[in-house]
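Descriptive analysis of the structure
Residues per chain are reported as follows:
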Amino acid sequence: MKKLINDPRAVVDESVEGFGLAHADLVTVHPDPLFITRKDAPVQGKVGLVSGGGSGHEPLHAGFVGRGMLDAAVPGAVFTSPTPDQIIPATAAVDGGAGVLHIVKNYTGDVLNFETAAEMAEADGVSVRSVLVNDDVAVEDSLYTAGRRGVGGTVFVERIAGAAAERGDDLDGVTAVAQRVVDSVRSMGVALAACTVPHAGVPSFELAEDEIEIGIGIHGEPGRHRIAMEDADGITQRLLDPIVADLRLTAGDRTLVLVNGMGGTPASELYIVFRKVAQLLDGLGVTIERSLVGNYITALEMQGASLTILRVDDEMLELWDTPVNTAALRWGA
Amino acid sequence: MKKLINDPRAVVDESVEGFGLAHADLVTVHPDPLFITRKDAPVQGKVGLVSGGGSGHEPLHAGFVGRGMLDAAVPGAVFTSPTPDQIIPATAAVDGGAGVLHIVKNYTGDVLNFETAAEMAEADGVSVRSVLVNDDVAVEDSLYTAGRRGVGGTVFVERIAGAAAERGDDLDGVTAVAQRVVDSVRSMGVALAACTVPHAGVPSFELAEDEIEIGIGIHGEPGRHRIAMEDADGITQRLLDPIVADLRLTAGDRTLVLVNGMGGTPASELYIVFRKVAQLLDGLGVTIERSLVGNYITALEMQGASLTILRVDDEMLELWDTPVNTAALRWGA
Amino acid sequence: MRMTTDLDAQWAVRWVRETARVVAENRALLIDLDRAIGDADHGENLDRGFSAVVAKLDSADVPSTPAAVLEQVAMTLMSTVGGAAGPLYGTAFLRAATSVGDADVIDAETAAAMIRAARDGIVARGKAEVGDKTMVDAWTPASESAETAAQAGANAPDVLAAAANAAHAGAVATEPLIARKGRASYLGERSAGHQDPGAVSTALILQAAADSAGGAVA
Amino acid sequence: MRMTTDLDAQWAVRWVRETARVVAENRALLIDLDRAIGDADHGENLDRGFSAVVAKLDSADVPSTPAAVLEQVAMTLMSTVGGAAGPLYGTAFLRAATSVGDADVIDAETAAAMIRAARDGIVARGKAEVGDKTMVDAWTPASESAETAAQAGANAPDVLAAAANAAHAGAVATEPLIARKGRASYLGERSAGHQDPGAVSTALILQAAADSAGGAVA
Ligand SMILES: Nc1ncnc2c1ncn2[C@@H]1O[C@H](COP(=O)(O)OP(=O)(O)O)[C@@H](O)[C@H]1O
Ligand SMILES: Nc1ncnc2c1ncn2[C@@H]1O[C@H](COP(=O)(O)OP(=O)(O)O)[C@@H](O)[C@H]1O
Ligand SMILES: [Mg+2]
Ligand SMILES: [Mg+2]
Ligand SMILES: [Mg+2]
Ligand SMILES: [Mg+2]
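These numbers were taken from a predicted model, which means no experiment stands behind them.

Calculation notes
- Residues numbered from 1 in each chain as written.
- Chains lettered and ligands numbered in written order.
- Predicted model: local features only at pLDDT ≥ 70, side-chain atom pairs only at ≥ 80, totals over all residues.
- Heavy atoms only, no water.
- Helix = DSSP H or I, 4+ residues; strand = E, 2+ residues; numbered from the N terminus.
- Rg over C-alpha atoms; globule rule 2.2 N^0.38 Å.
- Buried < 20%, exposed > 50% of the residue type's maximum accessible area, 1.4 Å probe, protein only.
- Contact = heavy atoms within 4.5 Å.
- Areas by Shrake-Rupley, 256 points an atom, 1.4 Å probe, with all protein chains shown as cover.
- Lys, Arg positive; Asp, Glu negative; His and termini not counted.
- Charge placed at Lys NZ, Arg CZ, Asp CG, Glu CD.
- Least-squares fit on C-alpha atoms with pLDDT ≥ 70 in both.
- Buried area = accessible area lost by both parts, 1.4 Å probe.
- Salt bridge = Lys/Arg side-chain N within 4 Å of Asp/Glu carboxyl O.
- Polar contact = N/O pair within 3.5 Å; in protein donor to acceptor, adjacent residues only side chain to side chain.
- Nonpolar A, V, L, I, M, F, W, Y, C, P; charged D, E, K, R; others polar.
- Pairing = 2+ DSSP bridges.
- Axes fitted to C-alpha atoms, helices over the stretch in contact; angles between N-to-C directions.
- Phe/Tyr/Trp six-rings, centres within 6.5 Å; stacked < 30°, edge-to-face > 60°.
- Lys NZ or Arg CZ within 6 Å of the ring centre and 35° of its normal.
- Near = heavy atom within 4 Å.
- Donors = N, O, S within 2.8 Å, 3.2 Å for Na, K, Ca; no water.
- 1 Å grid on protein atoms, 1.4 Å probe; cavity = no way out; pocket = protein on both sides within 12 Å on 5 of 7 lines; lining within 4 Å.
- Sits in = over half its atoms within 2 Å of the grid points.

Some thoughts on the overall build of chain A
- Broken down by element type, chain A carries 8 helices and 14 strands.
- Taking 333 residues into account, the globule formula puts the C-alpha radius of gyration at 20 Å, and chain A, at 19 Å, falls close to it.
- Taking the principal axes of the C-alpha coordinates as reference, chain A spans close to 55 × 50 × 40 Å.
- In chain A, which comprises 333 residues, the proportion classed as buried is 67%.
- Sequence-distant contacts in chain A: of pairs separated by 6 or more residues, those separated by 24 or more amount to 73%.
- In the structure as shown, chain A presents an accessible area of about 9,800 Å², 49% of it carried by carbon and sulfur atoms.
- Averaged over its 25 positive side-chain charges, chain A has a centre that lies 4 Å from the centre of its 47 negative ones.

Given below as structure tokens:
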């Protein structure tokens, strides 16, 4: 394992410290317990947005802290959800009197830790709501799993709910917008090569030179199935089909598309995937209103990509276009 | 070799096509000969900025086309400088009557092709100036080399010269600002693992599990020397020292810092490097006025990082802060 | 007899110190198990958590009742482990503490009740059933065997030993199962063929409980 | 004799087609040489360029003089190869065309002058000297041997053969050199121990010239 790190156990602390130094105009890093708030938190009268989860998915979540998006991010150890003793003070720190929304990716660990934190924050007098992001169509949402995972859709939820909060929506309103995004967004991912968790020191799985994993998540876990390597257009079709089916996308639908790199994939390859997505959606009569192409929710240095599609309406689009000023997403500011 | 590509020979065309689809609001892609212009080119009365070079360094250069930065980008084949027949029409397309500046990274191929193009564009009646970016301190600038390579400093040159052009400076003025940035910027890079050029199909060099290459460029070429793996703080020191020495940085100096990922390095690791850079510069009494941390000039999926430091003055800083609206760098817009 | 075999606060301290030791020893094993069907962090998470538990014990006065020790363990795990295992083990130790009350010592029946409480807490939090390929598949037989042993008149150390043995067997028996809860469930049928990391760590923890009590483990 | 050995436009066409063939055949070799001390594109660049040259020949009327063929090659290489080799080989073919003028056939002396002109064009563009570990290290002995052969009364094919042989030797001789121009110079002493890709491709190109003329190659 070769990484630009010092002590594997200090990876998160040191990385977040560096993040705080690089973006001192945008965020404040609270070191112990570790969480990150937007510089001007708490914004009085505004609903606070808190998200968090295991580290290793950067820029998610800290890279999305700032005006028009998150008020706080709570990073856990690598691929390990944070603990309530981090989430509780983060929640308190961004409560401007209008309550706080927790945006939680649907993993058992995240759900349990945020649940506990929400209860205790409520006991401390903060109104807390939660939305669970569960957009990964690779996982059947059935009795036989922990439910669909939260992946790329999280970026859209954080941005659009963040815009609604900035607009002045109340806690119920922001929660409703966030839930609407959750209900309309789906994702699917592929890995060409695994990543190596610093404390583990070996790749999370081994793939032969001619194999890829379809239906991977963002934690270096193996995917739903392993297939022979295909070209970018073929793989893109495999990512798109189950999303189109699940969302029942049809001619006239309008979408927001994210072609996301898993950390170790060159931008040039992501654009080749986007090209095919655009062609295929065009063929279906589906419009891409806005798009993101790049590393937004990663799995360390994993090689691969994920596709996320949100069916948008006028309001979501309007919220999307309002100013946002974070380390990883910025416009109008 | 596993890549999200179709035909290795179509990589650049398809990727740029996807780029054009994803950023149709910002750029126009001219397919044959291939170049990319900002949507509203030519901007009448404004000096046009053209850069280009081999592909595989994305987001450089196409990602920097837009208001406040480049007017055109000319992508060659992977790691191969573009040809005059691309550069000439790109130059003509962005000439708004105030002339055009070519920003050329110092590689024999780039220099020769841009030289030819400049001559022919001049013959066609366009005023053309050139600046050569040569910021890589890994290469001695001596009789025994082709001169220092152009690497991360290019991002600063494109941005600051782009701001000067947007401000309305004339061709001599924009050229002078660009040259001033070139004179004040230095870089140094490290690779933990090589990249694979699509048409070559095998990694550009092999490193043992405990080796790294110091002094690498952005073309997958081997570096100046190979050393045993070190921790991030040690490596950062090795990147910083020669830059500090070459720029003669001393207490009171003000800088703009880029910690750049080579394509396959997680953002978290880049922030660990930035943390150490900030500590070390702070120890020297050198101020970091602004910073960028991320993938700005890459070598496909190479694992590693480069450090670029520009000594800034008030004017450069003021230009830096003006609005920029490109796919990869955006603020105030 | 009762004087020597009942479990006091010192036993609780020995238990968590021994757990820290075996977790550190098996850190790589637990990471590997989790790497196969999860995200490769279970060993690291527990190691971090139990190291913190030990640091806490070292830094402050040791609580005077078993329940107080267990409660402190629960709070420390909750705030340092994270992931799924943090809240689950946190809840387990908290429920265990509650079930013991303010007694100075734990006898065989209380020991069995304590394990039952821990197990029920995990089920309440995680909603897993037996056969879902989770730590519940170790805790459930452990709790049942502990109760059987206690009813049969075993002393507290032997109750713990019975629990540990059953937990081990339960962990081994998770191998062929297809996961239906936790991260491994995302793999579907590919989750079969590997033991569940949480079930294995449960066996280690209960083994440490028995060893610290001097129970006769098979 | 003159009728059969002088080189006409058909020879020029055969030369570039044969070059395209050997470049394609040696694409991987040239990539590998460039991978060792450069950026692994030389074989791909030349293959793309000479494929375009052939496509151009296939798509239009073949020019009627050797110079016209060579000029078309020069323009196509300039606009399709890129990198360092594109302008250098482009210039070489352009200067070669100019030196030949509008003659219908090329005799031995003209052939030698043509190679000298190509070599001088490369030096003028790239500013490399002999010993810098570049294609100049193949072109320079090639040009000298061609002139020697022509002065000694060899016919045009044999002049080309002399040039090709010398270019091969020159390419081989670049192996121990430390590069002082082009991308390989960044490697400093690590550039020693590998042949220069451009010198090797130069030998292939001149070999194709000789082979297309039926010269007696050693
Ligand atoms: N719903 C659940 N109920 C009981 N145990 C669970 C549940 N979900 C996960 N687990 C247990 O947690 C273990 C994984 O713990 P750990 O790796 O630390 O957390 P994470 O899955 O968040 O990475 C699994 O092996 C399993 O035994
Ligand atoms: N200044 C120069 N003069 C002569 N030949 C040169 C010079 N620089 C480079 N070359 C030749 O070009 C070859 C490399 O060509 P190529 O790989 O196609 O271009 P690039 O170096 O731009 O990737 C080298 O092997 C060398 O022979
Ligand atoms: Mg985890
Ligand atoms: Mg090249
Ligand atoms: Mg885990
Ligand atoms: Mg090359």
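Observations concerning the side chain of Thr5(C)
All names here are of chain C.
- Considering the arrangement of structural elements, one finds Thr5 in helix H1 (residues 2-5).
- Residue Thr5 is classed as buried on the basis of its relative accessible area, which comes to 12%.
- Apart from residues no more than four positions distant in its own chain, Thr5 is found in contact with Asn155, Ala156 and Pro157.

Let's talk about the relation of the copies chain A and chain B
- Screw-axis analysis of chain A against chain B gives a translation of 0.0 Å along the axis, an RMSD of 0.0 Å, and a rotation angle of 180°. Interpreted geometrically, this transformation is the action of a two-fold axis. For chain A, the minimum C-alpha distance to the rotation axis belongs to Gly264(A) and amounts to 2.0 Å.
- Most of the interface of chain A is mirrored in chain B, where 100% of its interface residues are also at the interface.

Observations regarding the interface of chain A and chain B
- Each partner contributes to the interface: chain A provides 53 residues, whereas chain B provides 53 residues.
- The junction of chain A with chain B conceals about 4,400 Å² of combined surface from both sides, 59% of it contributed by carbon and sulfur atoms.
- Among the residues of chain A in contact with chain B, Lys2(A), Leu4(A) and Tyr271(A) are the three that bury the most area, contributing 20% of the side total.
- At the junction of chain A and chain B, the tally comes to 6 salt bridges.
- Among the ionic pairs, Glu17(A) bridges to Arg275(B), the shortest N-O distance being 2.9 Å.
- Scanning the region where chain A abuts chain B turns up 25 residue pairs in polar contact (both at pLDDT 80 or more).
- Its residues assigned to classes, the side of chain A that touches chain B comprises 26 nonpolar, 14 polar and 13 charged.

A closer look at the sheet that holds strand S6 (residues 128-133) of chain B
Residues and elements named next belong to chain B.
- The sheet built from 6 strands is open, its strands ordered S1-S2-S4-S3-S5-S6 with mixed pairing. With partners counted over all chains shown, the strands left at the sheet margins are strand S1 (27-31) and S6, one partner each. For this sheet the average axis-to-axis angle between neighbouring strands, irrespective of direction, equals 20°.
- Here strand S2 (residues 34-38) runs beside strand S4 (residues 72-78); their pairing, made up of 2 bridges, is antiparallel. Residue Ile36 lies in a different strand from S4, and its bridge partner there is Ala73.
- Along the sheet, helix H1 (residues 11-22) contacts S1, S2, strand S3 (48-55) and S4; its crossing angle with S4, the most-contacted strand, is approximately 150°.
- Sitting on the sheet, helix H3 (residues 108-123) is in contact with S3, strand S5 (100-105) and S6, with an inclination near 165° to S5.

Let's talk about the packing of aromatic side chains
- With the rule as written, the count across this model stands at 14 aromatic pairs over all chains.
- Plain terms: the ring middles of Trp15(C) and Phe93(C) are 5.2 Å apart, the flat faces sit at 35° to each other, and that makes the pair tilted. In this pair, Trp15(C) is assigned in helix H2 (residues 9-25) and Phe93(C) in helix H6 (residues 85-100), connecting sequence segments 78 residues apart.
- When its relative accessible area of 2% is taken as the criterion, Phe93(C) is described as buried.
- When the centroid spacing of 5.1 Å and the interplanar angle of 25° are considered together, the rings of Trp11(D) and Trp15(D) count as stacked. Taken together, the residues span about one helical turn, with Trp11(D) and Trp15(D) both in helix H2 (residues 9-25) at a distance of 4 residues. Like Trp15(D), Trp11(D) is buried.
- Put simply, the rings of Trp11(C), Trp15(C), Phe50(C) and Phe93(C) pair up and form one aromatic cluster.
- Above the face of the Tyr186(D) ring, Arg149(B) is positioned so that its terminal group lies 4.9 Å from the ring centre.

Looking at the site of ligand 1
All names here are of chain C.
- Neighbouring ligand 1 are 21 residues, the closest being Asp39, His42, Ala84, Gly126 and Asp196.
- Asp34 places a side-chain nitrogen or oxygen 3.1 Å from an oxygen atom of ligand 1.
- Arg183 has a polar side-chain atom sitting 3.2 Å from an oxygen atom of ligand 1.
- Protein coverage of the free-state accessible area of ligand 1, which is 570 Å², stands at 96%.
- Contributing elements (two or more residues each) for the shell around ligand 1: helix H4 (42-59), H6 and helix H10 (197-213).
- The residue makeup of the shell around ligand 1, split by class, is 7 nonpolar, 8 polar and 6 charged.

A closer look at the coordination of the magnesium ion (ligand 3)
- Here the magnesium ion (ligand 3) is held by the protein donor atoms Phe79(A) (O), Asp39(C) (OD) and Asp41(C) (OD), which lie 2.0 to 2.4 Å from it.
- A separation of 3.5 Å is found between the magnesium ion (ligand 3) and the magnesium ion (ligand 5), which are bridged by Asp39(C). Taken together, the residues Phe79(A) in the loop between strand S4 (72-78) and helix H2 (84-93) and Asp41(C) in the loop between helix H3 (27-37) and H4 connect one chain to another. Side by side, Phe79(A) and Asp41(C) carry an identical accessibility label, which is buried.

Brief notes about the pairing of strand S8 (residues 211-214) of chain A
Residue and element names in this part refer to chain A.
- Both strand S7 (residues 185-193) and S8 contribute to a ladder of 2 bridges, which runs antiparallel. Along S8, the bridge assignment pairs Ala191 with Glu213.
- With 4 bridges joining them, S8 and strand S9 (residues 225-228) adopt antiparallel strand pairing. When the bridges of S9 are listed, Glu211 appears paired with Ala228.

With respect to the sheet that holds strand S9 (residues 225-228) of chain B
Residue and element names in this part refer to chain B.
- Read across the open sheet, the 6 strands follow the order S9-S8-S7-S12-S10-S11; overall the sheet is mixed. Pairing within the sheet leaves two strands with one partner each, and these edge strands are S9 and strand S11 (287-294). The average angle at which neighbouring strand axes cross in this sheet is 20°, direction not considered.

Observations concerning the site of ligand 2
- Taken together, 21 residues sit near ligand 2, with Asp39(D), His42(D), Gly126(D), Asp196(D) and Gly198(D) positioned nearest.
- More than one chain approaches ligand 2, the contributing ones being chains B and D.
- In the model, an oxygen atom of ligand 2 is placed 2.9 Å from a nitrogen or oxygen of the Asp41(D) side chain.
- Between ligand 2 and His42(D), the relevant distance is 2.9 Å, taken from an oxygen atom to a side-chain nitrogen or oxygen of the residue.
- Against a free-state accessible area of 560 Å², the protein chains account for coverage of 96% of ligand 2.
- Taken atom by atom, the bulk of ligand 2 overlaps the largest cavity.
- For the shell around ligand 2, the secondary-structure elements that each account for two or more residues are helix H4 (42-59), helix H6 (85-100) and helix H10 (197-213) of chain D.

Some points on the coordination of the magnesium ion (ligand 4)
- In the first shell of the magnesium ion (ligand 4), the protein supplies Phe79(B) (O), Asp39(D) (OD) and Asp41(D) (OD), at 2.1 to 2.4 Å from the metal.
- The distance between the magnesium ion (ligand 4) and the magnesium ion (ligand 6) is 3.5 Å, with Asp39(D) acting as a donor to both metals.
- For Asp39(D), a relative accessible area of 2% corresponds to the buried category.
- What makes Asp41(D) buried here is its relative accessible area of 5%.

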